[in-house]
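Next come the chains, spelled out residue by residue.
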Amino acid sequence: QVQLVESGGGLVQAGGSLRLSCAASRSIFSINTMGWYRQAPGKQRELVASFTSGGSTYYADSVKGRFTISRDNAKNSMYLQMNSLKPEDTAVYYCRVYSDYDVKAYWGQGTQVTVSS
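Residues numbered from 1 in each chain as written. Predicted model: local features only at pLDDT ≥ 70, side-chain atom pairs only at ≥ 80, totals over all residues. Heavy atoms only, no water.

Visitor: In this structure, what is going on with the packing of aromatic side chains? I would like to understand it.
Guide: Two measures describe an aromatic ring pair: the distance that separates the ring centres and the angle between the ring planes. One pass over the full model with this rule turns up two aromatic pairs. A centroid spacing of 6.4 Å and a plane angle of 85° characterise the contact between Y94 and W107, whose relative ring orientation is edge-to-face. Of this pair, Y94 sits in strand β9 (residues 91-99) while W107 sits in strand β10 (residues 104-107), and the two are 13 residues apart along the sequence. Connected via pairs of aromatic rings, a cluster forms that spans Y37, Y94 and W107. For R45, the ring lying beneath its charged end belongs to W107, and the centroid distance is 4.7 Å. (Phe/Tyr/Trp six-rings, centres within 6.5 Å; stacked < 30°, edge-to-face > 60°. Helix = DSSP H or I, 4+ residues; strand = E, 2+ residues; numbered from the N terminus. Lys NZ or Arg CZ within 6 Å of the ring centre and 35° of its normal.)

Visitor: How do you make sense of the pairing of strand β4 (residues 33-39) when you look at a structure like this?
Guide: Regular strands have side chains that alternate between both faces of the sheet. With five of its seven residues buried, β4 lies for the most part within the structure. One ladder, built from seven bridges, connects β4 with β9; its direction is antiparallel. Opposite T33, over in β9, you have Y98 as the bridge partner. Pairing between β4 and strand β5 (residues 46-51): five bridges, direction antiparallel. If you follow M34 over to β5, its bridge partner there is F51. Where β4 folds back onto β5 in an antiparallel hairpin, the turn is made up of six residues, including G42, whose phi is positive at roughly 75°. (Buried < 20%, exposed > 50% of the residue type's maximum accessible area, 1.4 Å probe, protein only. Pairing = 2+ DSSP bridges.)

Visitor: So what exactly am I meant to see when it comes to the sheet that holds strand β7 (residues 67-72) here?
Guide: Either a parallel or an antiparallel arrangement is found when strands of a sheet pair, and the pairing is made through backbone hydrogen bonds. Spatially, β1-β3-β8-β7 is the arrangement adopted by the four strands of the open sheet, whose pairing is antiparallel. Unpaired on one side and paired on the other, β1 (4-7) and β7 mark the two borders of the sheet. Taken pair by pair, the neighbouring strands of this sheet meet at an average axis angle of 15°, ignoring direction. (Axes fitted to C-alpha atoms, helices over the stretch in contact; angles between N-to-C directions.)

Visitor: I tried to follow the state of the cysteines on my own but got confused; where do I start?
Guide: Chemically, a disulfide is nothing more than a covalent bond linking the sulfur atoms of two cysteines. Tallied over the full model, the rule gives one disulfide. Here C22 engages in a disulfide with C95; their sulfurs sit 2.1 Å apart. When the S-S torsion is 60°, as for the bridge of C22 with C95, the disulfide is right-handed. In this pair, C22 sits in strand β3 (residues 18-24) while C95 sits in strand β9, placing the two residues 73 residues apart along the sequence. Of the two residues, C22 and C95, both sit in the buried class. (Disulfide = S-S within 2.5 Å.)

See the structure below:
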């Protein structure tokens, strides 16, 4: 089992920045597939950024150049630096990891990001 806890969400004006954190309850050193998703009201959950099993990173077109995903294995944590935020970035942001060992995906509880215009 892996428990994930997100933090760092909040209310910010358009053009501002936030840094989301996702803390895992156990080592993520061996977890290659992890990422950030978001879900806006009335919309489906979408992938925002991720580390892939091949070791590369993926960004949705809507956030390329503005968001940066990173990880710190020593702290069992993953981050999402969000710059130049737009009102359309408003959503609940979730972190997700896939454990090959458990053959299972784990989700955090989500953190609200609200960008005012």
